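# Inside the fold
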Amino acid sequence: MKTILIDNSLNYAMSKEITFKNLKKLINIVDKFDISIVDVDFKNWEKYRSILKKINNKCRIVVLKDELDSKIFFMQKYLKIKIKCDFDSIYSDLLQEKIKSLSEYNCEITLEIKDATSIEIKYLIDAIKCFLKYDKLKGFCYNDENSRLDTTATFENLMLLKSGLDKKIEFRCGNSNDLATANALSAAKIKDIGVNVSFMGINNDVAIEEFIMANNYFNESKMSVPDKLSVLCHDVADLLELNIPLNKAVIGKNIFAHESGIHVAGVIKCSDIYEAFSPEFVGLKRKIIIGKHSGKNALKFKFDNFNIKLSNVELENLLIEVKKYAYKIKSTINDKQLLQLYIKNIS
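Attention now goes to the overall build of the protein chain. Helix and strand counts for the protein chain stand at 13 helices and 11 strands. The globule rule puts the C-alpha radius of gyration for 347 residues at 20 Å, and the 26 Å found for the protein chain is more than 25% above it. Its C-alpha atoms give the protein chain principal-axis dimensions of roughly 85 × 45 × 30 Å. The buried share of the protein chain, taken over its 347 residues, is 50%.

Written out as structure tokens, the structure reads:
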């Protein structure tokens, strides 16, 4: 039982006209992940195919039905193609003729119907069955770009598709309702399902870093986690000129920052209580923040790291000054400010 990861990050980057140099760097990062397929729009493949040769075995060209006439497809010995169309095109003779014409070429076809979740599942299955007679059609991508499904409907519909079509099934979901990761986890419970992902969830996709980490905690089928996952994602963000929120799940630089007194005490004594995984596992560091919500445990932890031992009385007195100062500046206190408070009031 394995979940097939399908990347859309490279296609996004090419759509934003990334430089050839930066695309090479991005490809090197993608190669560190257990990604089986990289979807690339036809126009992007035309422009960047000299660079994409490095991952030629993973590339799948995404085409609209009008682009199927291009002879450029057949310059390669073997080609993976994803055909995107709307539901009304399914019953057109033109689309069936074009797919039939590909039977003489060494290719593998996946069909994706735009906004497929707007169609009742039984009608969708009946429509796709029209194409099962073509042996080059190997799979179907179930598109929920408008986020209509919840986790239950995702699992049930994908199971119906898998049993009704007996083909490879993929899932692409939007994140308009903040359910992309949850729905992808539900899909990943199905054997050999394909899931569309992208770094940081760009382009309204499932965030690969969230999906991998959550899947390894909630599903039986495990995925490899690259070393320094957060660092790799930040490198991708830099190449794409994107900002990652400090509290972004899994990779945000402040997700392991703790200020509250009780919270800090718990983290210091047993980090598993508050952290699903260690910060080092994804290439981050734990931060103990000093501010108006801090307690003695946080101060003791900080000064132990400064190699300064404080008595309980000194901690209590310093804490009073810390809270006063935090309220005054309406912010947290950095290490330099904390040491200045110590020198002024305790030392």
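On we go.
With respect to the element layout, N196 can be found in strand β8 (residues 194–198). Assessed through its relative accessible area of 0%, N196 is described here as buried. If sequence neighbours within four positions are ignored, N196 has contacts with I6, N8, D39, K82, C141, E170, F171, R172 and V206.

The final tally for this structure, using the stated rule, is eight aromatic pairs. Measuring from ring centre to ring centre gives 5.7 Å for F256 and F277, while their planes differ by 75°; the resulting arrangement is edge-to-face. Separated by 21 residues along the polypeptide, F256 in the loop between α9 (229–239) and β10 (257–258) and F277 in the loop between α10 (261–269) and β11 (287–288) bring together distant segments of the chain. No difference in accessibility class separates F256 from F277, as the two residues are buried. Feature note: the residues F303, F306 and Y342 constitute an aromatic cluster, connected by ring pairs. Directly above the aromatic system of W45 lies the positively charged group of R49, at a separation of 5.6 Å from the ring centroid.

Attention now goes to a nonpolar patch on the surface. There is a patch of nonpolar side chains on the surface, built from I262, I273 and Y274 and spanning about 350 Å² of accessible area. Structurally, the position occupied by I273 is in the loop between α10 and β11. Taking the relative accessible area as the measure of exposure, I273 reaches 57% and is therefore exposed.

Looking now at the packing of helix α5 (residues 121–128) against helix α6 (residues 151–165). For the pair α5 and α6, the least separation of the axes is 10 Å and the interaxial angle reads 30°. It follows that α5 is roughly parallel to α6 by the angle criterion. When the axes of α5 and α6 are compared, the crossing they make is right-handed. Touching I121, L124, I125 and I128 of α5 are N157, L160, L161, G164 and L165, all from α6. Grouping the amino acids of the contact of α5 with α6 by side-chain chemistry returns seven nonpolar, two polar and no charged.

Rules used in this analysis
- Residues numbered from 1 in each chain as written.
- Predicted model: local features only at pLDDT ≥ 70, side-chain atom pairs only at ≥ 80, totals over all residues.
- Heavy atoms only, no water.
- Helix = DSSP H or I, 4+ residues; strand = E, 2+ residues; numbered from the N terminus.
- Rg over C-alpha atoms; globule rule 2.2 N^0.38 Å.
- Buried < 20%, exposed > 50% of the residue type's maximum accessible area, 1.4 Å probe, protein only.
- Contact = heavy atoms within 4.5 Å.
- Phe/Tyr/Trp six-rings, centres within 6.5 Å; stacked < 30°, edge-to-face > 60°.
- Lys NZ or Arg CZ within 6 Å of the ring centre and 35° of its normal.
- Patch = residues over 30% accessible without salt bridge, like charges linked within 9 Å, V, L, I, M, F, W, Y side chains within 5 Å.
- Areas by Shrake-Rupley, 256 points an atom, 1.4 Å probe, with all protein chains shown as cover.
- Salt bridge = Lys/Arg side-chain N within 4 Å of Asp/Glu carboxyl O.
- Axes fitted to C-alpha atoms, helices over the stretch in contact; angles between N-to-C directions.
- Parallel < 35°, antiparallel > 145°, perpendicular 65-115°, else oblique.
- Left-handed = near helix turned anticlockwise from the far one by under 90°.
- Nonpolar A, V, L, I, M, F, W, Y, C, P; charged D, E, K, R; others polar.

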